[in-house]
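# Secondary and tertiary structure notes
Each chain, written out:
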Amino acid sequence: MTVSADGLPPLREVISKHALRAQKSLGQNFLLDLNLTGKIARQAGDLSKCDVLEIGPGPGGLTRALLYEGARRVVAVERDERCMPALAEISDHYDGRLKVISGDALALDPTQYLNGPIKIIANLPYNIGTELLVRWLTPPQWPPYWDSLTLMFQREVAKRIVAQPGSKAYGRLSVLAQWRSDAKIVMDLPPQAFTPAPKVSSAVVHITKCDKPKFDCNAKMLERVVATAFNQRRKMLRASLKSLAPDIEDRLNAVGIPPTERAEQLSVEQFCILSNQF
Ligand code: SAM
(Lines give C-alpha, C1' and ligand atoms only; values in the text may rest on other atoms or scores of the structure.)
Protein backbone atom coordinates (compact mmCIF):
# COMPACT_ATOMS: atom_id res chain seq x y z
CA MET A 1 0.00 0.00 0.00
CA THR A 2 1.34 3.45 -0.89
CA VAL A 3 1.24 6.15 1.74
CA SER A 4 1.59 9.92 1.57
CA ALA A 5 4.02 11.97 3.66
CA ASP A 6 1.43 12.15 6.44
CA GLY A 7 1.19 8.36 6.67
CA LEU A 8 -2.32 8.19 5.18
CA PRO A 9 -3.22 6.79 1.75
CA PRO A 10 -3.06 9.13 -1.28
CA LEU A 11 -6.31 11.02 -1.84
CA ARG A 12 -7.04 9.29 -5.15
CA GLU A 13 -7.09 5.96 -3.30
CA VAL A 14 -9.30 7.41 -0.57
CA ILE A 15 -11.75 8.67 -3.17
CA SER A 16 -11.91 5.40 -5.01
CA LYS A 17 -12.11 3.29 -1.82
CA HIS A 18 -15.09 5.30 -0.54
CA ALA A 19 -16.62 5.90 -4.00
CA LEU A 20 -16.63 9.69 -3.56
CA ARG A 21 -17.67 10.73 -7.02
CA ALA A 22 -17.83 14.55 -6.98
CA GLN A 23 -21.36 15.98 -6.95
CA LYS A 24 -21.94 19.29 -8.68
CA SER A 25 -24.94 20.16 -6.50
CA LEU A 26 -22.64 20.18 -3.44
CA GLY A 27 -20.02 22.35 -5.15
CA GLN A 28 -17.53 19.49 -5.02
CA ASN A 29 -14.21 20.29 -6.70
CA PHE A 30 -11.59 18.41 -4.73
CA LEU A 31 -7.93 19.23 -4.16
CA LEU A 32 -5.93 16.02 -4.35
CA ASP A 33 -2.36 17.36 -4.24
CA LEU A 34 -1.20 17.47 -0.62
CA ASN A 35 1.69 19.80 -1.53
CA LEU A 36 -0.87 22.30 -2.72
CA THR A 37 -3.17 21.92 0.29
CA GLY A 38 -0.09 22.30 2.51
CA LYS A 39 0.70 25.58 0.77
CA ILE A 40 -2.86 26.81 1.36
CA ALA A 41 -2.71 25.81 5.03
CA ARG A 42 0.56 27.73 5.48
CA GLN A 43 -1.06 30.93 4.17
CA ALA A 44 -2.94 31.07 7.48
CA GLY A 45 0.29 31.31 9.50
CA ASP A 46 1.15 29.34 12.65
CA LEU A 47 -1.69 26.96 13.46
CA SER A 48 -0.16 25.26 16.48
CA LYS A 49 -1.88 27.45 19.05
CA CYS A 50 -5.21 27.68 17.19
CA ASP A 51 -8.39 25.78 16.63
CA VAL A 52 -9.26 25.72 12.94
CA LEU A 53 -12.81 25.71 11.59
CA GLU A 54 -13.01 24.10 8.15
CA ILE A 55 -16.20 24.12 6.10
CA GLY A 56 -16.58 21.29 3.58
CA PRO A 57 -13.62 18.94 4.21
CA GLY A 58 -14.87 16.49 1.54
CA PRO A 59 -12.38 13.61 1.29
CA GLY A 60 -10.00 15.56 3.54
CA GLY A 61 -7.22 17.00 1.35
CA LEU A 62 -7.09 20.36 3.11
CA THR A 63 -8.02 18.83 6.48
CA ARG A 64 -4.99 16.56 6.34
CA ALA A 65 -2.73 19.50 5.48
CA LEU A 66 -4.09 21.54 8.39
CA LEU A 67 -3.36 18.71 10.82
CA TYR A 68 0.02 17.90 9.25
CA GLU A 69 0.99 21.59 9.49
CA GLY A 70 0.32 21.36 13.23
CA ALA A 71 -3.16 22.78 13.88
CA ARG A 72 -4.00 22.34 17.57
CA ARG A 73 -7.47 21.09 16.59
CA VAL A 74 -9.61 21.08 13.47
CA VAL A 75 -13.40 21.22 13.57
CA ALA A 76 -14.78 20.36 10.14
CA VAL A 77 -18.39 20.71 9.01
CA GLU A 78 -19.40 18.51 6.07
CA ARG A 79 -22.82 18.03 4.54
CA ASP A 80 -22.04 14.96 2.42
CA GLU A 81 -22.57 11.82 4.54
CA ARG A 82 -20.53 9.79 2.04
CA CYS A 83 -17.35 11.57 3.26
CA MET A 84 -17.76 10.51 6.91
CA PRO A 85 -15.82 7.19 6.76
CA ALA A 86 -12.84 8.85 5.02
CA LEU A 87 -12.85 11.67 7.58
CA ALA A 88 -13.09 9.16 10.46
CA GLU A 89 -9.84 7.56 9.22
CA ILE A 90 -8.11 10.96 9.43
CA SER A 91 -9.53 11.54 12.91
CA ASP A 92 -8.16 8.16 14.09
CA HIS A 93 -4.75 8.86 12.55
CA TYR A 94 -4.50 12.23 14.29
CA ASP A 95 -5.57 11.01 17.72
CA GLY A 96 -8.75 13.00 18.09
CA ARG A 97 -7.37 16.36 16.92
CA LEU A 98 -10.07 16.32 14.23
CA LYS A 99 -13.75 16.70 15.11
CA VAL A 100 -16.14 16.20 12.22
CA ILE A 101 -19.63 17.63 12.37
CA SER A 102 -22.09 16.20 9.90
CA GLY A 103 -24.53 18.82 8.68
CA ASP A 104 -25.23 22.02 6.77
CA ALA A 105 -22.76 24.81 7.60
CA LEU A 106 -25.51 27.38 6.97
CA ALA A 107 -27.78 25.79 9.55
CA LEU A 108 -25.51 24.97 12.48
CA ASP A 109 -23.35 26.91 14.89
CA PRO A 110 -19.93 25.26 15.33
CA THR A 111 -18.62 27.79 17.87
CA GLN A 112 -19.54 25.58 20.82
CA TYR A 113 -16.91 23.08 19.63
CA LEU A 114 -14.14 25.67 19.24
CA ASN A 115 -11.72 27.33 21.64
CA GLY A 116 -9.93 30.57 20.77
CA PRO A 117 -7.87 31.67 19.04
CA ILE A 118 -9.78 30.47 15.98
CA LYS A 119 -8.83 30.53 12.31
CA ILE A 120 -11.30 29.65 9.58
CA ILE A 121 -9.70 27.91 6.62
CA ALA A 122 -11.68 26.37 3.76
CA ASN A 123 -12.01 25.51 0.12
CA LEU A 124 -15.62 26.66 0.13
CA PRO A 125 -18.45 25.14 -1.90
CA TYR A 126 -19.03 27.88 -4.47
CA ASN A 127 -22.80 27.94 -3.94
CA ILE A 128 -22.65 29.01 -0.27
CA GLY A 129 -19.23 30.71 -0.13
CA THR A 130 -20.45 34.29 -0.40
CA GLU A 131 -23.28 33.73 2.08
CA LEU A 132 -20.85 32.31 4.67
CA LEU A 133 -18.34 35.12 4.11
CA VAL A 134 -20.99 37.81 4.63
CA ARG A 135 -22.12 36.11 7.84
CA TRP A 136 -18.53 35.99 9.15
CA LEU A 137 -18.01 39.65 8.26
CA THR A 138 -21.22 41.11 9.67
CA PRO A 139 -21.75 40.00 13.28
CA PRO A 140 -23.29 42.86 15.31
CA GLN A 141 -20.35 42.84 17.74
CA TRP A 142 -16.68 43.22 16.85
CA PRO A 143 -14.15 41.61 17.19
CA PRO A 144 -15.71 38.40 15.86
CA TYR A 145 -14.99 34.92 17.25
CA TRP A 146 -12.37 34.30 14.50
CA ASP A 147 -8.91 35.84 14.06
CA SER A 148 -8.48 35.21 10.34
CA LEU A 149 -10.24 33.72 7.31
CA THR A 150 -8.22 31.88 4.67
CA LEU A 151 -10.70 30.99 1.96
CA MET A 152 -10.76 29.68 -1.58
CA PHE A 153 -13.16 31.43 -3.94
CA GLN A 154 -13.71 31.67 -7.65
CA ARG A 155 -11.11 34.24 -8.71
CA GLU A 156 -13.76 36.73 -9.77
CA VAL A 157 -15.26 36.67 -6.23
CA ALA A 158 -11.78 36.98 -4.67
CA LYS A 159 -11.16 40.09 -6.78
CA ARG A 160 -14.42 41.61 -5.54
CA ILE A 161 -13.38 41.08 -1.91
CA VAL A 162 -10.09 43.01 -2.29
CA ALA A 163 -11.24 45.59 -4.87
CA GLN A 164 -10.65 49.31 -4.36
CA PRO A 165 -13.14 52.16 -5.05
CA GLY A 166 -13.39 53.17 -8.67
CA SER A 167 -12.88 49.66 -10.03
CA LYS A 168 -15.48 47.45 -11.69
CA ALA A 169 -15.04 44.73 -9.06
CA TYR A 170 -15.65 47.12 -6.11
CA GLY A 171 -18.94 46.32 -4.42
CA ARG A 172 -20.76 44.99 -1.38
CA LEU A 173 -18.13 42.35 -0.57
CA SER A 174 -15.26 44.87 -0.82
CA VAL A 175 -16.88 47.27 1.65
CA LEU A 176 -17.89 44.58 4.13
CA ALA A 177 -14.46 42.90 3.98
CA GLN A 178 -12.46 46.09 4.29
CA TRP A 179 -14.48 47.91 6.97
CA ARG A 180 -13.27 45.88 9.95
CA SER A 181 -10.59 43.64 8.42
CA ASP A 182 -7.76 43.61 5.92
CA ALA A 183 -8.08 41.37 2.86
CA LYS A 184 -5.55 40.21 0.30
CA ILE A 185 -5.26 37.56 -2.41
CA VAL A 186 -2.43 35.23 -1.45
CA MET A 187 -2.61 32.45 -4.05
CA ASP A 188 -3.99 31.83 -7.53
CA LEU A 189 -5.04 28.36 -8.64
CA PRO A 190 -5.81 27.22 -12.19
CA PRO A 191 -8.87 25.02 -12.86
CA GLN A 192 -6.59 21.97 -13.32
CA ALA A 193 -5.66 22.08 -9.62
CA PHE A 194 -9.10 20.61 -8.86
CA THR A 195 -10.84 17.31 -9.57
CA PRO A 196 -13.07 17.71 -11.46
CA ALA A 197 -11.68 20.93 -12.97
CA PRO A 198 -14.17 23.82 -12.71
CA LYS A 199 -14.67 26.21 -15.65
CA VAL A 200 -12.99 29.17 -13.90
CA SER A 201 -9.80 29.94 -11.97
CA SER A 202 -9.75 30.19 -8.21
CA ALA A 203 -7.87 32.24 -5.64
CA VAL A 204 -7.20 32.10 -1.92
CA VAL A 205 -8.08 35.22 0.06
CA HIS A 206 -6.56 35.85 3.48
CA ILE A 207 -8.59 38.17 5.71
CA THR A 208 -7.38 39.31 9.12
CA LYS A 209 -9.71 41.02 11.54
CA CYS A 210 -8.89 44.46 12.92
CA ASP A 211 -9.25 44.81 16.67
CA LYS A 212 -11.86 47.48 16.10
CA PRO A 213 -13.72 48.80 13.04
CA LYS A 214 -11.79 51.33 10.97
CA PHE A 215 -14.89 53.59 11.08
CA ASP A 216 -17.80 53.49 13.53
CA CYS A 217 -21.12 52.36 12.15
CA ASN A 218 -23.92 49.84 12.62
CA ALA A 219 -23.27 46.57 10.74
CA LYS A 220 -26.88 45.93 9.73
CA MET A 221 -27.33 49.49 8.46
CA LEU A 222 -24.07 49.43 6.51
CA GLU A 223 -25.05 46.10 4.96
CA ARG A 224 -28.39 47.58 3.91
CA VAL A 225 -26.97 50.80 2.49
CA VAL A 226 -24.23 49.01 0.57
CA ALA A 227 -26.58 46.34 -0.80
CA THR A 228 -29.07 49.01 -1.93
CA ALA A 229 -26.40 51.24 -3.47
CA PHE A 230 -24.73 48.43 -5.46
CA ASN A 231 -28.01 46.84 -6.46
CA GLN A 232 -28.25 49.59 -9.07
CA ARG A 233 -24.57 50.40 -9.34
CA ARG A 234 -24.81 52.31 -12.59
CA LYS A 235 -27.33 54.79 -11.19
CA MET A 236 -26.47 57.95 -9.30
CA LEU A 237 -26.78 57.61 -5.52
CA ARG A 238 -29.76 60.00 -5.38
CA ALA A 239 -31.67 57.43 -7.47
CA SER A 240 -30.18 54.14 -6.25
CA LEU A 241 -30.71 55.04 -2.58
CA LYS A 242 -34.13 56.69 -2.94
CA SER A 243 -35.86 53.63 -1.45
CA LEU A 244 -33.94 54.14 1.81
CA ALA A 245 -35.16 57.71 2.36
CA PRO A 246 -37.22 60.08 0.17
CA ASP A 247 -34.93 62.95 1.25
CA ILE A 248 -31.79 61.06 0.25
CA GLU A 249 -30.42 64.00 -1.71
CA ASP A 250 -30.40 66.19 1.44
CA ARG A 251 -28.80 63.43 3.48
CA LEU A 252 -26.04 62.95 0.91
CA ASN A 253 -25.40 66.69 0.78
CA ALA A 254 -25.33 66.86 4.59
CA VAL A 255 -22.31 64.53 4.69
CA GLY A 256 -20.57 66.08 1.69
CA ILE A 257 -21.25 63.29 -0.81
CA PRO A 258 -22.40 64.62 -4.21
CA PRO A 259 -25.81 62.99 -4.97
CA THR A 260 -24.62 62.48 -8.55
CA GLU A 261 -21.85 60.04 -7.48
CA ARG A 262 -22.24 56.33 -8.14
CA ALA A 263 -21.81 53.60 -5.52
CA GLU A 264 -18.46 52.45 -6.89
CA GLN A 265 -16.94 55.89 -6.27
CA LEU A 266 -17.57 55.91 -2.49
CA SER A 267 -14.82 54.86 -0.10
CA VAL A 268 -15.52 52.50 2.80
CA GLU A 269 -15.33 55.51 5.12
CA GLN A 270 -17.95 57.41 3.09
CA PHE A 271 -20.29 54.40 3.18
CA CYS A 272 -19.92 54.34 6.99
CA ILE A 273 -20.55 58.06 7.32
CA LEU A 274 -23.62 57.77 5.08
CA SER A 275 -24.97 54.77 7.04
CA ASN A 276 -24.78 56.83 10.22
CA GLN A 277 -27.31 59.21 8.65
CA PHE A 278 -30.06 56.58 8.88
N1 SAM B 1 -12.09 20.64 1.23
C2 SAM B 1 -12.19 19.71 0.13
C3 SAM B 1 -11.04 19.95 -0.83
O4 SAM B 1 -10.43 21.04 -0.76
O5 SAM B 1 -10.77 19.08 -1.65
C6 SAM B 1 -13.52 19.83 -0.59
C7 SAM B 1 -13.87 21.20 -1.10
S8 SAM B 1 -15.31 21.25 -2.13
C9 SAM B 1 -15.01 22.73 -3.05
C10 SAM B 1 -16.61 21.83 -1.05
C11 SAM B 1 -17.06 20.86 0.05
O12 SAM B 1 -18.13 21.47 0.79
C13 SAM B 1 -17.62 19.53 -0.43
O14 SAM B 1 -17.04 18.48 0.30
C15 SAM B 1 -19.12 19.60 -0.15
O16 SAM B 1 -19.72 18.35 0.10
C17 SAM B 1 -19.15 20.51 1.05
N18 SAM B 1 -20.42 21.23 1.24
C19 SAM B 1 -21.27 21.69 0.29
N20 SAM B 1 -22.30 22.34 0.84
C21 SAM B 1 -22.10 22.30 2.18
C22 SAM B 1 -22.83 22.80 3.30
N23 SAM B 1 -23.97 23.47 3.14
N24 SAM B 1 -22.33 22.59 4.54
C25 SAM B 1 -21.17 21.91 4.71
N26 SAM B 1 -20.44 21.42 3.69
C27 SAM B 1 -20.90 21.60 2.44
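Description of the structure in this document. Note that this is a predicted model, so its numbers are computed, not measured. (Residues numbered from 1 in each chain as written. Predicted model: local features only at pLDDT ≥ 70, side-chain atom pairs only at ≥ 80, totals over all residues. Heavy atoms only, no water.)

## Some points on the pattern of salt bridges
Formally: For this analysis, a salt bridge means a side-chain nitrogen from Lys or Arg found within 4 Å of a carboxyl oxygen belonging to Asp or Glu. Secondary structure is summarised from DSSP: a helix means a run of H or I of at least four residues, a strand means a run of E of at least two, and numbering begins at the N terminus for each. Burial here depends on accessible area, computed with a 1.4 Å probe over protein chains only, as a share of the maximum for the residue type. Under 20% is buried, over 50% is exposed, and the range in between is partly exposed.
As enumerated under the stated definition, the model contains 16 salt bridges in all. A salt bridge links Asp 182 to Lys 214, with the nearest nitrogen and oxygen atoms 3.0 Å apart. A residue pair is termed long-range when its members are at least 10 positions apart, and Asp 182 in strand E7 (residues 181-189) and Lys 214 in the loop between strand E9 (202-209) and helix H8 (219-231) qualify at 32 residues. Take Asp 182: its relative accessible area is 40%, and that puts it in the partly exposed class. A residue is classified by how much of its surface remains accessible, and Lys 214, at 36% relative accessible area, is partly exposed. When salt bridges with common partners are traced through the structure, they connect Asp 51, Arg 72 and Arg 73 into a single cluster.

## Quick word on the packing of aromatic side chains
Applicable threshold: Centres within 6.5 Å make a pair out of two Phe, Tyr or Trp rings, where for Trp the six-membered ring is used; the pair is then stacked when the planes are under 30 degrees apart, edge-to-face when over 60, and tilted otherwise.
Under the criterion given, the structure shown has three aromatic pairs. Both rings, one in Trp 142 and one in Trp 146, keep their centres 5.7 Å apart while their planes meet at 90°; by these two values the pair is edge-to-face. The burial state of Trp 142 is the same as that of Trp 146; both residues are buried. With a centroid separation of 5.6 Å and an interplanar angle of 40°, the aromatic rings of Phe 230 and Phe 271 are classed as tilted. Taken together, the residues span a long stretch of sequence, with Phe 230 in helix H8 and Phe 271 in helix H11 (residues 268-275) at a distance of 41 residues. Assessed through its relative accessible area of 0%, Phe 271 is described here as buried. Site record: aromatic cluster; members linked through ring pairs are Tyr 170, Phe 230 and Phe 271.

Nothing here speaks to function; it is geometry throughout.
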